[in-house]
Amino acid sequence: MNPAPSINGARLLADIHALATITEPDTPGWTRRFPSGAYRQGRAWLREQFEAEGLGITLDAAGNLFGRRDGKSARAPIVIGSHTDTVMGAGRFDGMLGVLGALEVARTLREAGLSLRHPLMIADYLSEEATDYAIACMGSMILATGDFRSEWLDRTVGGVSLRQAIGDMGGAPEHMAGPLLRPGAFAASLELHIEQGPVMEARGARLAAVTGIVGIHRAIFELHGKSNHAGATPMSLRQDAVAALGPVITAIESIARDAAGNGHGAVGTIGKIDVAPNQGNVIANKVIIYPELRSLDMAELDRMWEAFMTAANKACAQRGVTLQVHNHTRLSSVVPPGWLHELVWQVCSELDQNAIRTPSGAGHDTNYLSLIAPSAMIFVPSIGGRSHAPEEITNDSDLVRGVQALANCVVALDTTLT
Ligand SMILES: [Zn+2]
């Protein structure tokens, strides 16, 4: 496969450093949350870089920022990008690598005098991280779906409505009814991202071709028992909601552990438990838990959820506890087309003999891009698997190698796509 010209690693690292210095005051780590002043400043800085590179700049109604490099013909563009917003107390690479790496690809192509057949779009999707407005991947969702509801614009955080927040970012809330783009608007989409988990490090991989983004079953469980005196109530006469919780927790763990060996990234978690009345000498009458199961293989995931429901119902029934299930959602996994995954795999394995194929356990803008374009992701390792924390770090050499892989994929895609 014809590789792209070599990217300028020092310039890439300087860009990552420059964007990282734009951070919300008095916050830990590197923080640029939607719709903070720091996020806007970071965007303004990015826009200057796009202008300096001679990219054609557009900002769509949802506030997604694009820089366009023309191709030799009027084909649909190849889009490469990610996001520049962060969580509170973030690191410097989640999202930023994908955007600044994409910019570096455009520069490298220009310096090498290489024109592609396809236009190339560098994307910074708006507000990928969920904020207090409780919407994740907002920009890419509006770009690719009609899921955004206009009543969400009235949600207010800190006195600022979502309508105003999107307007402040340069979007046009009144023209935001999605999808803004239809299938075919992009010839293909690529997102380079840090892994945010420990798998690559454990396997000694510098690059990974992402096999897909896992699907999720999640719900809210209410276990209703009966409060009573912890001393005066015999064991045979209890309806103890906390006692029923025990087998439910071990069930989700063992179901996910059993499935994990199948290689589809199966995991199961109960990350939050609310107990009432939460008193040391009172049998609990109510437990609320937030279980979730994830896997790339939806058939496997559905089986896991069914087994978990069976175990939970049994544990409750044995103790006279009633189980109510609320807000059950089933999010489908996202899998790249086979030809595109193989293209990414070939590029990764040429640059790294220890490259692996691995699923993404986290959601990304690619979840939505995949609805309108053939879409794939490339991962570089996160040291210690740390992310969404100031300790998030990736070796400089891995950042550079990841962007080279992105460049090589773009060049390969340009010749592969019709
Ligand atoms: Zn991200």
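Preceding block: the structure.
Residues numbered from 1 in each chain as written. Predicted model: local features only at pLDDT ≥ 70, side-chain atom pairs only at ≥ 80, totals over all residues. Heavy atoms only, no water.

Trainee: In this structure, what is going on with the coordination of the zinc ion? I would like to understand it.
Mentor: In the first shell of the zinc ion, the protein supplies His83 (NE2), Asp94 (OD) and His193 (NE2), at 2.0 to 2.2 Å from the metal. Linear spacing of the donor residues for the zinc ion on their chain is H-x10-D-x98-H. In this pair, aspartate 94 sits in the loop between β3 (78-82) and α3 (96-111) while histidine 193 sits in strand β7 (residues 188-194), placing the two residues 99 residues apart along the sequence. Neither residue differs from the other here; aspartate 94 and histidine 193 are each classed as buried. (Donors = N, O, S within 2.8 Å, 3.2 Å for Na, K, Ca; no water. Helix = DSSP H or I, 4+ residues; strand = E, 2+ residues; numbered from the N terminus. Buried < 20%, exposed > 50% of the residue type's maximum accessible area, 1.4 Å probe, protein only.)

Trainee: Quick question: what am I supposed to make of the environment of valine 199 here?
Mentor: Looking at the element boundaries, valine 199 is found in helix α6 (residues 199-203). C-alpha separation for the pair valine 199 and glycine 384, spaced 185 residues apart in sequence, amounts to 9.4 Å. Beyond its immediate sequence surroundings of up to four residues, valine 199 is in contact with Ile356 and Thr358. (Contact = heavy atoms within 4.5 Å.)

Trainee: Can you walk me through α3 in this structure?
Mentor: Each full turn of the α-helix corresponds to 3.6 residues, which orients residues three or four apart in the same direction. For α3, with 16 residues, the first-to-last C-alpha span of 22 Å sits near the 22 Å given by 1.5 Å per residue. A positive phi of about 65° marks glycine 113, the residue just after α3. (Expected span 1.5 Å × (residues − 1).)

Trainee: Looking at this model, I keep getting lost on the sheet that holds strand β12 (residues 322-331). Mind explaining?
Mentor: Working definition: the strands of a sheet are paired by backbone hydrogen bonds and lie parallel or antiparallel to each other. Across the sheet, which stays open at both edges, the four strands sit in the order β10-β11-β9-β12 with antiparallel pairing between neighbours. Unpaired on one side and paired on the other, β10 (267-276) and β12 mark the two borders of the sheet. Adjacent strand axes in the sheet meet at a mean angle of 15°, parallel and antiparallel pairs treated alike. In the sheet, strand β9 (residues 215-224) pairs with β12 via eight bridges, with the strands oriented antiparallel. Across the sheet, the residue bridging to isoleucine 216 is leucine 331, located in β12. Helix-sheet contacts for helix α8 (residues 298-317) involve β9, β10, β11 (286-295) and β12, and the interaxial angle to β9 is about 10°. (Pairing = 2+ DSSP bridges. Axes fitted to C-alpha atoms, helices over the stretch in contact; angles between N-to-C directions.)

Trainee: Help me out: how do you make sense of the pairing of strand β14 (residues 375-380) in this one?
Mentor: One face of the sheet, then the other: side chains in a regular strand alternate in exactly this way. With respect to burial, β14 is a largely interior element, six of its six residues being buried. Here β14 shows two buried faces, one formed by Ser375, Met377 and Phe379 and the other by Ala376, Ile378 and Val380. Pairing between β7 and β14: six bridges, direction parallel. Bridge assignment links histidine 193 to a residue of β14, and that residue is phenylalanine 379.

Trainee: What am I meant to see in the environment of threonine 322 here?
Mentor: Residue position: threonine 322 is located in strand β12. Its relative accessible area of 45% is what places threonine 322 among the partly exposed residues. For threonine 322 and alanine 130, which are 192 residues apart along the polypeptide, the C-alpha to C-alpha distance reads 33 Å.

Trainee: What is the right way to look at the sheet that holds β3 in this model?
Mentor: One open sheet accounts for eight strands, arranged β1-β2-β4-β3-β7-β14-β8-β13; its pairing is mixed. Both edges of this open sheet fall to β1 (56-59) and β13 (356-360), since each of them pairs with a single strand only. Mean inter-strand twist for the sheet, computed between neighbouring axes without regard to direction, equals 25°. Packing of helix α2 (residues 37-52) onto the sheet brings it into contact with β1, β2 (65-69) and β4 (120-124), and relative to β2 it is tilted by some 10°. Contacts from helix α11 (residues 396-416) reach β3, β4, β7 and β14, with the element oriented near 170° to β7.

Trainee: What's the story with the packing of helix α1 (residues 9-20) against α3 in this structure? I'm lost.
Mentor: If you want to describe how two helices pack, look at the angle between their axes and the distance between the axes. The geometry of α1 relative to α3 is characterised by a closest axis approach of 10 Å and an angle of 140° between their N-to-C directions. Our classification of the angle between α1 and α3 gives oblique. α1 and α3 meet at a crossing whose hand is right-handed. Each of Arg11, Leu12, Asp15, Ile16 and Leu19 in α1 lies in contact with α3, whose residues at this interface are Met96, Leu97, Leu100, Gly101, Leu103, Glu104, Arg107, Thr108 and Glu111. Of the residues that constitute the contact of α1 with α3, the class distribution is seven nonpolar, two polar and five charged. (Parallel < 35°, antiparallel > 145°, perpendicular 65-115°, else oblique. Left-handed = near helix turned anticlockwise from the far one by under 90°. Nonpolar A, V, L, I, M, F, W, Y, C, P; charged D, E, K, R; others polar.)

Trainee: Quick question: what am I supposed to make of the state of the cysteines here?
Mentor: Any covalent bond linking the sulfur atoms of two cysteines counts as a disulfide. Counted by the stated rule, this structure contains zero disulfides. We note that cysteine 409 lacks a disulfide partner, and the nearest cysteine sulfur, in cysteine 348, lies 5.8 Å from it. (Disulfide = S-S within 2.5 Å.)

Trainee: Honestly, the packing of helix α7 (residues 241-260) against α8 in this entry has me stumped. Any pointers?
Mentor: Running from N to C, α7 and α8 point in directions that differ by 160°, and their axes come no closer than 9 Å. Our classification of the angle between α7 and α8 gives roughly antiparallel. Every pair of crossing elements has a handedness; the one defined by α7 and α8 is right-handed. Residues Ala244, Pro247, Val248, Ala251, Ile252, Ile255, Ala256 and Ala259 of α7 touch α8, and the partners they reach there are Glu300, Met304, Ala307, Phe308, Ala311, Ala312, Ala315 and Cys316. Grouping the constituent residues of the contact of α7 with α8 by class yields 15 nonpolar, no polar and one charged.

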